[in-house]
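# Overview (structure and organization)
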Amino acid sequence: MESKAEQPILQPTDSTPKNILKSYSETTVSKETNREFDEDDILLDLSKYDFPPLTIVNSNERGRCVFTNSFIKQGTVVNISPVLIFNKEEYLKYGKFTCLDSYTYKWQNPTNKFEKENCNSWMALALGLGSLFNHEPLEKANLGFMRNFYKQSIIYTATRDIEPNEELCICYGPNIWFENKKLNESKIDLLIESTNNKDEKSNEPDFLAFFNL
Ligand SMILES: C[S@@+](CC[C@H](N)C(=O)[O-])C[C@H]1O[C@@H](n2cnc3c(N)ncnc32)[C@H](O)[C@@H]1O
């Protein structure tokens, strides 16, 4: 049994700089609300972040896209999305056959006190902008992301300096391409790494997101 697991699980394919991750895990009590919380119960204190202004644009080719209005320096935390977690049964029986399949991230149980509450965590939907970042291959994507299984959220950071009016994109994984929007409505599971779960999930390819035409 681990003692107090404050550090998120690092995944090799998540590309958020470690210094950002450190501050992410050091969630503190909000001074403004002046309420006392058990440190473990605080999932996310958004008042600690000064997110850059972003715009959502609709495009024919990619659907909604997220653009930055301003210059973003490498390493900046661009967004943090809390997630909605699906257990294995509800995802494989229901979620997988809905539009959620184009949006969900692989998820896993943390090994702290939340484990019981989120027993059988399987996939997660990023709430907010996290679900709207489009895909670019790793060398072109300008955002990295890091899942925090303890804090039930995903942090997105700039992996390079980003100019005003650039689209913000993450890499869903290798071997992904989009030929036209119609095809994209078919099954894609966002992301990425194989998890530590040793069951049929680990028999799937590491990168679920691909078009099986
Ligand atoms: C997580 S959503 C991203 C937000 C999406 N554009 C929307 O409007 O909901 C993933 C979907 O966005 C579209 N998409 C993402 N990256 C794309 C790309 N590089 N080219 C074309 N479509 C893309 C595909 O339809 C994909 O199924």
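Details of the structure are given in the entry above.
As a convention, each chain's residues are numbered from 1 in the sequence order in which they are written. Totals for whole chains, interfaces and linings use all residues, but because this is a predicted model, local features are given only for residues with pLDDT of at least 70 and pairs of side-chain atoms are given and counted only at 80 or more. With hydrogens and water stripped out, all remaining heavy atoms of the structure feed into the side-chain values.

## Quick word on the site of the ligand
This is how the line gets drawn: In this text, near means that some heavy atom of the residue lies within 4 Å of the molecule or strand in question. What qualifies as a polar contact is a pair of N or O atoms within 3.5 Å, subject to a donor-acceptor requirement within protein and to the restriction that residues adjacent in sequence count only when both atoms come from side chains. The secondary structure listing takes helices from DSSP runs of H or I that are at least 4 residues long and strands from runs of E that are at least 2 residues long, numbered from the N terminus. Polar here means any residue outside two lists: the nonpolar Ala, Val, Leu, Ile, Met, Phe, Trp, Tyr, Cys and Pro, and the charged Asp, Glu, Lys and Arg; Gly therefore counts as polar.
As a matter of local geometry, the ligand sits amid 16 residues, with R62, R64, Y103, N134 and H135 nearest to it. Separating a nitrogen atom of the ligand from a backbone N or O atom of H135 is a distance of 2.9 Å. Among the secondary structure elements, those contributing two or more residues to the shell around the ligand are β2 (63-68) and β6 (134-135). Class assignment of the residues belonging to the shell around the ligand gives a composition of seven nonpolar, six polar and three charged.

## Observations concerning the nonpolar core
Heads up, the rule is: The definition of a nonpolar core used throughout is a set of buried Ala, Val, Leu, Ile, Met, Phe, Trp, Tyr and Cys residues joined through side-chain atoms within 4.5 Å. Whether a residue is buried, partly exposed or exposed follows from its accessible area with a 1.4 Å probe, protein chains only, as a fraction of its type maximum: under 20%, in between, or over 50%, in that order.
The biggest cluster of nonpolar side chains holds 22 residues, and the ones touching the most others in it are L143, I154, Y156, L168 and I170. Put simply, the parts of the chain that give this core at least two residues each are β3 (77-87), β5 (121-126), β7 (143-148) and β8 (153-158). One finds F86, L100, W122 and L125 within the second-largest nonpolar core, a separate group that totals six residues.

## Quick look at the environment of E90
Which entries qualify depends on this criterion: Should any heavy atoms of two residues lie within 4.5 Å, those residues are counted as being in contact.
Within the secondary structure, E90 sits in helix α2 (residues 88-93). Once the C-alpha coordinates of E90 and W122 are considered, the two residues, 32 residues apart in sequence, prove to be 9.1 Å apart. Apart from residues lying up to four places away in sequence, E90 is in contact with I85 and G95.

## Thoughts on the sheet that holds β7
The line we're drawing: Here, strands pair whenever DSSP counts at least two bridges between them. Throughout, an axis means a line fitted to C-alpha atoms (over the contacting stretch in the case of helices), and angles, computed between N-to-C directions, take values from 0 to 180 degrees.
The five strands are arranged β4-β5-β3-β8-β7 in an open sheet whose pairing can be described as antiparallel. Two strands bound the open sheet, and with one partner strand each, they are β4 (104-106) and β7. Taking each pair of neighbouring strands and ignoring which way they run, the sheet shows an average axis angle of 35 degrees. With five bridges connecting them, β3 and β5 associate as antiparallel partners. Residue L84 lies in a different strand from β5, and its bridge partner there is L125.

## Comments concerning the pairing of β7
Of all six residues in β7, six are buried, a share of seventy percent or more. Here β7 shows no split at all, with L143, F145 and R147 on one side and G144, M146 and N148 on the other all buried. Strand direction decides the pairing type here: β7 and β8, joined by six bridges, are antiparallel. Residue pairing for β8: R147 is matched across the bridge by I154. Between β7 and β8, which pair antiparallel in sequence order, lie four residues; one of them, Q152, sits at a positive phi of approximately 55 degrees.

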